[in-house]
Amino acid sequence: MTTIGKTNAELTELVNEALGGQPGCETARITGLQPVPGVRGGRNWEIPSVALGDSLISDVDRAVITIHRRLGRTFHLI
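Residues numbered from 1 in each chain as written. Predicted model: local features only at pLDDT ≥ 70, side-chain atom pairs only at ≥ 80, totals over all residues. Heavy atoms only, no water.

So, the overall build of the protein chain
Of the regular secondary structure elements, the protein chain holds two helices and six strands. Put simply, the protein chain runs from its N terminus to its C terminus through helices and strands in the order β-α-β-β-β-β-α-β. Computed over the C-alpha atoms, the radius of gyration of the protein chain is 12 Å, within 12% of the 12 Å expected from 2.2 N^0.38 for a compact globule of 78 residues. When its C-alpha atoms are laid out on the principal axes, the protein chain stretches across 35 × 20 × 20 Å. Here the protein chain holds 78 residues, and 36% of them are scored as buried. Long-range contacts, defined here as pairs at least 24 residues apart, represent 62% of the contacts in the protein chain between residues at least 6 apart. Total accessible area on the protein chain stands at roughly 4,700 Å², and carbon and sulfur atoms take up 54% of it. The distance from the centre of the 8 positive side-chain charges to the centre of the 8 negative ones in the protein chain is 11 Å. (Helix = DSSP H or I, 4+ residues; strand = E, 2+ residues; numbered from the N terminus. Rg over C-alpha atoms; globule rule 2.2 N^0.38 Å. Buried < 20%, exposed > 50% of the residue type's maximum accessible area, 1.4 Å probe, protein only. Contact = heavy atoms within 4.5 Å. Areas by Shrake-Rupley, 256 points an atom, 1.4 Å probe, with all protein chains shown as cover. Lys, Arg positive; Asp, Glu negative; His and termini not counted. Charge placed at Lys NZ, Arg CZ, Asp CG, Glu CD.)

Take a look at the structure:
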């Protein structure tokens with residue numbers, strides 16, 4: 001499976017848009033992405049931390065896992 005390469009800024013923007021669209025996560029924002037060492041493509045990035053805003057941590061946890069799984073199948077960090 002081939003994925004599309006994105007810069008850290010581009011992928012961060014995509015993740016934040018997806019996160020803000022999840023129920024209960026309107027005020028949550030990721031603070032950045034981090035590359036996973038030794039992985040060349042696919043899910044070669046992770047979301048190390050999230051600023052919750054007024055969102056509940058349980059809503060954000062569920063949303064982050066869903067977003068990482070979905071976007072990790074489409075995009076890789078270059």
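Let's talk about the confidence of the model for the protein chain
Across the protein chain, the average pLDDT comes to 92, with 97% of residues at or above 70. By mean pLDDT, strand 6 (residues 75–77) is the weakest element of the protein chain at 93, and helix 1 (residues 8–20) is the strongest at 96. (pLDDT = per-residue confidence, 0-100.)

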